[in-house]
Every structure is written in C-alpha cells, then in structure tokens.
Amino acid sequence: MVLRLICSALLVAGALTLSPFGAAQATEDDGIVKFKSAYSMPETIKRKKKDIADKGIMFFDENDQAKLTADIGVTLLPSTLLVFGNPPLGTLFLTSDPDSGLDWPVRLLVYQDAKGDVWSLIRISPGSRDVTASQPRQRNSRWPPTSTVQK
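Residues numbered from 1 in each chain as written. Predicted model: local features only at pLDDT ≥ 70, side-chain atom pairs only at ≥ 80, totals over all residues. Heavy atoms only, no water.

## Let's talk about the pairing of strand E6 (residues 118-123)
Rules: Each pair of strands is called paired provided DSSP finds at least two bridges between the two strands. The secondary structure listing takes helices from DSSP runs of H or I that are at least 4 residues long and strands from runs of E that are at least 2 residues long, numbered from the N terminus.
Where strand E2 (residues 32-36) lies against E6, 5 bridges are found, and the strand directions are antiparallel. Within the sheet, the bridge partner assigned to Phe 35 lies in E6 and is Ser 120. Sheet topology note: the strand E5 (residues 106-112)/E6 ladder contains 5 bridges and is antiparallel. Its bridge partner being in E6, Val 110 is matched across the sheet by Ser 120. Taken together, E5 and the strand that follows it, E6, pair antiparallel across an intervening segment of 5 residues, in which Gly 116 is found at a positive phi of about 95°.

## Concerning the packing of aromatic side chains
The condition that has to hold: Only centres within 6.5 Å qualify two rings of Phe, Tyr or Trp (six-membered ring in Trp) as a pair; their planes then separate them into stacked at under 30 degrees, edge-to-face at over 60, and tilted for everything else. For the exposure calls, accessible area comes from a 1.4 Å probe over protein chains only, and a residue counts as buried if that area is under 20% of its type's maximum, exposed if over 50%, partly exposed in between. We call a charge positioned above a ring when the Lys NZ or Arg CZ atom is no farther than 6 Å from the ring centre and deviates by at most 35 degrees from the ring normal.
Using the criterion set out here, one finds 1 aromatic pair in the structure. Centre to centre, the rings of Phe 93 and Trp 104 are 4.9 Å apart; their planes meet at 25°, and the pair counts as stacked. With a gap of 11 residues between them, Phe 93 in helix H4 (residues 87-96) and Trp 104 in the loop between H4 and E5 connect regions that are remote in the sequence. Classification of Trp 104 by relative accessible area gives buried; the value is 9%. Here the guanidinium or amino end of Lys 34 rests over the ring plane of Trp 119, the centre of that ring lying 4.5 Å away.

Have a look at this one:
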C-alpha cells in the first residue's frame, strides 16, 4: 500500500515535469529536477496550473517571490512558487513521518534567469530521507547539516 502511494506521488511529479516544457535533468543526486520552459514566465505558470487542475490535484497557493521582495525594496528576477498536492496522500506521509511536512504539500518553483530563460524546479522524491531537508544527507550534499541540536 505505502509503495503504491509513493509510486503515485512520483508519477504525479513526473507527469508535471514531463510536459512540453523542455528536457528535465536531475541535479547533484538531490532529487530536484530542473527543466527549461519553451514559454514565457506567465505562460509557463498558466500551463503548470492547468496541468495541476487537469490531473485533479488540489492547488493551494501561488507566491510571487519577486513581488514580495519588491515590497521591501529588493529587486529579484521573476520567481513564483506554486504549492499543490493531494491531501489524502500527503496525510499518509505526515502521519508516518512528521518530518515529511517539509516536503508536503509539493512545491514547484518557476523562475526566469538573467538571460531570460524560464526554468522550473521540483523535488521528485517527497519524503525521501536522503533528499529532504529534514534529515542529514548521506551523499555530497549542497547543504550539509551544521548541527542537529537546536539551542
């Protein structure tokens, strides 16, 4: 049962990454997939939200990070975080491992780089101990834990 749910989660993430937005590539074995969009920033966001709705996945929030930083006087290239998920599936992860709350609901980042290229990033292994921030990384982490004790 749990294996089937994990496979379902990976299929949802995979379906969102394998759309006509360009080739996907995993980076540094961290479970994050980055792919280039063939569309503008607004069109990419519109298409991602439609993909989410078409799959019957619940859409929670859209955070325009560039607008939020502009409100405090900081300039940021276009960057928007989309938050979505499947509450029954996410609940199973959360009840079996509360630390998985760092990965549920699913977050997809859409941003534009300095060259004008639009990219999307998604973590494709929700709840996996070797890719979440909730657990120390075992392999070549970009963010190795500095301490496991809070003071």
